[in-house]
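Residue strings, one per chain:
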Amino acid sequence: VQLQASGGGLVQAGGYLRLSCAASGRTFSSYAVGWFRQAPGKEREFVVAINWSGGNTYYADSVKGRFTISRDNAKNTVYLQMNSLKPEDTAVYYCAARVEPSGWVITTQSQYNYWGQGTEVTVSS
């Protein structure tokens with residue numbers, strides 16, 4: 001499966017963005033998906049994950065209550081709604097996927113075998 005992340009941009013603190021992760025090549029409905037981010041000079045970190053059905057999600061504490069992940073399997077797309085953005089949310093955001101029919105969410109980078117190219121989010125203060 002090929003992943004295309006989009007929706008990044010420049011926004012002021014307190015603003016919002018919606019990222020999309022569009023999959024092509026295979027039916028997306030059996031894939032668990034995660035979003036990760038990498039800030040300048042830092043390691044890539046986990047942000048949020050969703051299972052294949054959308055029924056299970058898991059958020060990093062730093063984004064809980066501000067970010068919402070969802071998916072539309074009919075459109076082969078996962079969304080990340082980011083509200084109340086802070087300067088510390090500035091990073092390149094990556095989506096990742098793996099086949100996971102069990103219903104579990106996956107939070108570990110090494111367990112994903114498909115990655116998108118990243119979309120840049122800049123939050124100004």
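Before going into details, it helps to say that this report is about the structure given with it. Residue indices begin from 1 for each chain and proceed along its sequence in written order. Residue-level local features of this predicted model are given only where pLDDT is at least 70; pairs of side-chain atoms are given and counted only at 80 or more, and the full residue set underlies all totals for whole chains, interfaces and linings. Only hydrogens and water are set aside; all other atoms, that is, all heavy atoms of the structure, feed into the side-chain values.

Points about the overall build of the protein chain
Stage number 1. Per the convention used, a helix needs a DSSP run of H or I reaching at least four residues, while a strand needs a run of E reaching at least two, with both numbered from the N terminus. A count of helical and extended segments in the protein chain gives 0 helices and 11 strands.
Stage number 2. Ordering the α and β elements of the protein chain from the N terminus gives β-β-β-β-β-β-β-β-β-β-β.
Stage number 3. Taken over the C-alpha trace, the protein chain has a radius of gyration of 13 Å; the compact-globule value for 125 residues is 14 Å, and the two agree within 12%.
Stage number 4. Taken along the three principal axes of its C-alpha coordinates, the protein chain extends 40 × 25 × 25 Å. Both definitions apply: the radius of gyration is a C-alpha atom measure, and the globule rule equals 2.2 Å times residues to the power 0.38.

Focus: the sheet that holds strand β8 (residues 77-82)
Stage number 1. By the convention used here, strands pair only if DSSP detects at least 2 bridges between them. A sheet is described by the order of its strands in space; here 4 strands give the open sequence β1-β3-β8-β7, paired in antiparallel fashion. In this open sheet, the two edge strands, each paired with only one partner strand, are β1 (2-6) and β7 (67-72). Put simply, the sheet's adjacent strands are angled 15° from each other on average, direction ignored.
Stage number 2. As paired elements, β1 and strand β3 (residues 17-24) share 5 bridges and run antiparallel to each other. Bridge pairing links Ala5 to Cys21 in β3. For helices, the axis comes from a line fit to the C-alpha atoms of the stretch in contact; other axes are also lines fit to C-alpha atoms, and the angle between any two N-to-C directions lies between 0 and 180 degrees.

Here's the deal with the packing of aromatic side chains
Stage number 1. Aromatic pairs are defined between Phe, Tyr and Trp rings, using the six-membered ring for Trp, whenever the two ring centres lie within 6.5 Å; interplanar angles under 30 degrees are classed as stacked, those over 60 as edge-to-face, and all others as tilted. All told, the structure shown has 7 aromatic pairs when counted by the stated rule.
Stage number 2. Residues Phe36 and Phe46 carry aromatic rings whose centres are separated by 5.7 Å and whose planes lie at 70° to one another, so their mutual orientation is edge-to-face. Of this pair, Phe36 sits in strand β4 (residues 31-38) while Phe46 sits in strand β5 (residues 45-50), and the two are 10 residues apart along the sequence. Of the two residues examined, Phe36 and Phe46, each falls in the buried class.
Stage number 3. Between Tyr112 and Trp115 the ring centres are 6.3 Å apart and the planes differ by 75°, which places this aromatic pair in the edge-to-face class.
Stage number 4. In this structure an aromatic cluster arises from ring pairing among Phe36, Phe46, Tyr58, Tyr112 and Trp115.
Stage number 5. Of note, Arg44 hangs over the ring of Tyr94, and the distance from its end group to the ring centre comes to 5.1 Å.
Stage number 6. For a Lys NZ or an Arg CZ to count as sitting over a ring, it must be within 6 Å of the ring centre and within 35 degrees of the ring normal. Of note, Arg71 hangs over the ring of Phe28, and the distance from its end group to the ring centre comes to 5.1 Å. Here the term buried applies to any residue with accessible area under 20% of the maximum for its type, exposed to any over 50%, and partly exposed to those in between, with areas from a 1.4 Å probe on protein chains only.

Focus: the nonpolar core
Stage number 1. Residues Trp35, Phe67, Leu80, Met82 and Tyr93 are the most contacted members of the largest nonpolar core, which totals 38 residues.
Stage number 2. Elements with a contribution of two residues or more to this core: β1, β3, β4, β5, β7, β8, β9 (91-99) and β11 (119-124).
Stage number 3. If near-sequence neighbours (up to four positions away) are discounted, Met82 is found in contact with Gly15, Tyr16, Leu17, Leu19, Arg66, Phe67, Tyr93 and Val121. Here, nonpolar core refers to any group of buried Ala, Val, Leu, Ile, Met, Phe, Trp, Tyr and Cys residues whose side-chain atoms link them within 4.5 Å. Here, residues are in contact when the closest pair of their heavy atoms is within 4.5 Å.

Focus: the layout of surface pockets
Stage number 1. Empty space within the largest pocket amounts to approximately 170 Å³.
Stage number 2. Surrounding the largest pocket, 13 residues form its lining, Arg37, Ala39, Lys42, Glu45 and Glu88 being those nearest its centre.
Stage number 3. The residue classification treats Ala, Val, Leu, Ile, Met, Phe, Trp, Tyr, Cys and Pro as nonpolar and Asp, Glu, Lys and Arg as charged. All others, Gly included, are polar. When the residues that make up the lining of the largest pocket are grouped by side-chain class, the tally is 2 nonpolar, 3 polar and 8 charged. Of the grid points, spaced at 1 Å and generated over the protein atoms alone, those admitting a 1.4 Å probe that cannot get out make up cavities, while open sets with protein on both sides within 12 Å along at least five of seven lines make up pockets; any residue with an atom within 4 Å of a point is treated as lining. Grid points are joined across faces, edges and corners, and a volume is the space filled by probe spheres set on the points.

A short note on the pairing of β5
Stage number 1. Counting buried residues in β5 gives 5 out of 6 residues, a clear majority hidden from the surface.
Stage number 2. Sheet topology places β4 next to β5; 5 bridges connect them, and they run antiparallel. Paired with Phe36 across the two strands is Phe46, which belongs to β5.
Stage number 3. Connecting the antiparallel pair β4 and β5 is a turn made up of 6 residues, with Gly41 showing a positive phi of about 75°.
Stage number 4. Connecting β5 to the antiparallel partner strand β6 (residues 57-59) that follows it, the hairpin turn spans 6 residues, and Gly54 within it adopts a positive phi of roughly 90°.

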